[in-house]
Amino acid sequence: MLPYQKLEEAETDLGRNLTMAEKLWYNYSAEKSDFLLYNHNIIFMILVFSLAPLPCAIMELSQSKKTAKFKIQPNVKALFSDMFKCYKHVLKLLVFVSTPLLFLSFPAVKWLGIRTSLPLPSVWEILSQLLVFFLIEDYGSYWLHRLVLHSKWGYENIHYLHHEYTASFGFTAIYTHWGELLIFGIPTMLGPALVPCHMVTLYLWTCLRLVQAVDAHNGYEFPWSPTKYIPFYVGTEYHDYHHYVGGRSQSNFASVFSYCDFIYGSNRGYRYHKQALQEKGEWRRSGRKLSGNTNRLSSQDLKSE
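All of the points below concern the structure found in this document. Only a predicted model underlies this, so the values are computations on that prediction, with no experimental measurement involved.

### Some words on the overall build of the protein
In terms of helices and strands, the protein carries 15 helices and zero strands. Relative to its length of 305 residues, the protein is compact, with a C-alpha radius of gyration of 21 Å against a globular reference of 19 Å. Taken along its principal axes, the extent of the C-alpha atoms in the protein is 70 × 40 × 35 Å. Going through the 305 residues of the protein one by one, you find that 50% of them count as buried. Looking at the protein alone, contacts between residues at least 24 apart form 73% of all its contacts between residues at least 6 apart. Across the protein, 29 positive and 24 negative side-chain charges occur, with their mean positions spaced 9 Å apart.

### Quick notes on the pattern of salt bridges
If you walk through the whole model with that rule in mind, you get seven salt bridges. The salt bridge partner of glutamate 164 is lysine 85, with a shortest N-O separation of 2.5 Å. Within this pair, whereas glutamate 164 is found in the loop between helix H9 (152-159) and helix H10 (178-194), its partner lysine 85 is found in helix H7 (residues 80-112), the two being separated by 79 residues in sequence.

### A short note on the environment of glycine 247
The topology assignment puts glycine 247 in the loop between helix H12 (235-245) and helix H13 (259-263). Overall, glycine 247 belongs to the partly exposed group, its relative accessible area being 35%. Excluding residues that lie within four positions of it along the chain, glycine 247 makes contacts with His150, Tyr155 and His163.

### Details of unusual backbone geometry
With an omega of 5 degrees, the peptide bond between leucine 118 and proline 119 qualifies as cis. Secondary-structure assignment places proline 119 in the loop between H7 and helix H8 (123-149).

### Focus on the side chain of lysine 71
Mapped onto the elements of the fold, lysine 71 is located in the loop between helix H6 (65-68) and H7. By relative accessible area, which is 6% here, lysine 71 ends up buried. Here the side chain of lysine 71 touches glutamate 60 through a polar contact of 3.5 Å, side chain to side chain. Of note is the side chain of lysine 71, whose polar atom sits 3.5 Å from the backbone oxygen of glutamine 73.

### Focus on the packing of aromatic side chains
Applying the stated criterion across every chain yields a total of 24 aromatic pairs. Here tryptophan 143 and tyrosine 264 contribute two aromatic rings whose centre-to-centre distance is 4.8 Å and whose plane-to-plane angle is 65 degrees, an arrangement assigned as edge-to-face. One end of the pair, tryptophan 143, is in helix H8; the other, tyrosine 264, is in the loop between H13 and helix H14 (268-280), and 121 residues separate them in sequence. Considering the side-chain rings of tyrosine 238 and tyrosine 270, the 4.9 Å spacing of their centres and the 65 degrees angle between planes classify their relative orientation as edge-to-face. Here tyrosine 238 is found in helix H12, whereas its partner tyrosine 270 is found in helix H14, with 32 residues between them in sequence. On the basis of relative accessible area, tyrosine 238 is assigned to the buried category, the value being 7%. Within the aromatic cluster, the residues linked to one another by ring pairs are Phe35, Tyr38, Phe103 and Phe106. A cation over a ring is seen here: lysine 32 above tyrosine 28, with NZ or CZ 3.9 Å from the ring centre. Taking the ring centre of tyrosine 220 as reference, the NZ or CZ of lysine 71 above it sits at 5.8 Å.

So, how was this worked out
- Along each chain, numbering runs from 1 in the same order as the chain's sequence is written.
- Only residues with pLDDT of at least 70 are given local features in this predicted model, and only at 80 or more are side-chain atom pairs given and counted; all residues enter the totals for whole chains, interfaces and linings.
- As a convention, hydrogens and water are excluded, and side-chain values are obtained from all of the structure's heavy atoms.
- Helix and strand assignments follow DSSP, with helices taken as H or I runs no shorter than four residues and strands as E runs no shorter than two, numbered in order from the N terminus.
- Only C-alpha atoms enter the radius of gyration; for comparison, a globular chain is expected to reach 2.2 Å times N to the power 0.38, where N is the number of residues.
- Think of it in three bands: residues with accessible area under 20% of the maximum for their type are buried, residues over 50% are exposed, and the middle band is partly exposed, with areas taken using a 1.4 Å probe on protein chains only.
- We call two residues in contact when some of their heavy atoms are within 4.5 Å.
- Only four residue types enter the tally: Lys and Arg on the positive side, Asp and Glu on the negative side, with His and both chain ends excluded.
- Charge coordinates come from a single atom per side chain, which is NZ of Lys, CZ of Arg, CG of Asp or CD of Glu.
- Each salt bridge in this description consists of a side-chain nitrogen of Lys or Arg and a carboxyl oxygen of Asp or Glu lying within 4 Å of one another.
- Two N or O atoms form a polar contact when they lie within 3.5 Å of each other; inside protein one atom must be a possible hydrogen donor and the other a possible acceptor, and for residues adjacent in sequence the pair counts only when both atoms belong to side chains.
- In summary, the pairing rule links any two rings of Phe, Tyr or Trp, Trp by its six-membered ring, whose centres are within 6.5 Å, and it sorts them by plane angle into stacked for under 30 degrees, edge-to-face for over 60 and tilted for everything else.
- Think of it as a cone above the ring: NZ of Lys or CZ of Arg counts as a charge over the ring if it is within 6 Å of the ring centre and within 35 degrees of the ring normal.

Here it is in structure tokens:
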């Protein structure tokens, strides 16, 4: 809750007029508690997860020939029943796991210094913090994914659920065991914990991270996607290979950027597979498709080790 009774008091305290964004934030947040503002994150998560997968889901269900050429695994069709099953499961996770966690974590958030006060951060501050959050999350998730979730025990007891579908679609982005949601929650919140930010930045981080997860699982690779211009960005086709191989996969563990896979040698299986398809003339750069079950390599070849 902001410590001002009137907008003019805020301007006097800051010694300047409020920007349009700051006026909007003041009008919305002035009488709301920090606890309530923090728990807006669950609303954003539900909204983003409900809306972000829809464009590719509609393409999948309509089976349009115009968009089919961009599907990475064209021989596998996702059904509406599969999508709705994943959606219901994730909503339960968000309501019964994420919501209580947000409630319980609020004292820690206040202690760390995540603020709701004026002034709002500059665009440069927001962008630089978001970049740091993505880098921290990516590095932490890489090792948790590789060492914990793809260990024998981790896969058989937790990660198996996320690999239920070998051809992923947007609603599988966080179709996970509740334990996996907790595990990946650690690197997701580690960035804001190490680099405390404004609540608005935290909202953006929550939304962007979920949008990125949906993008990595949507099953389509579009040549016009702006993410192609982000250095080392994982992208849909790169992560789809991880699901395509399934539980045997020892490749492509990265969540956002591919540099960890490159540095630590965990994308050799992917590069071998890509080279093999290129030699067969089956790797289309416009859609960069995986060829489905008919062109699977041996189990040993698909592994990076």
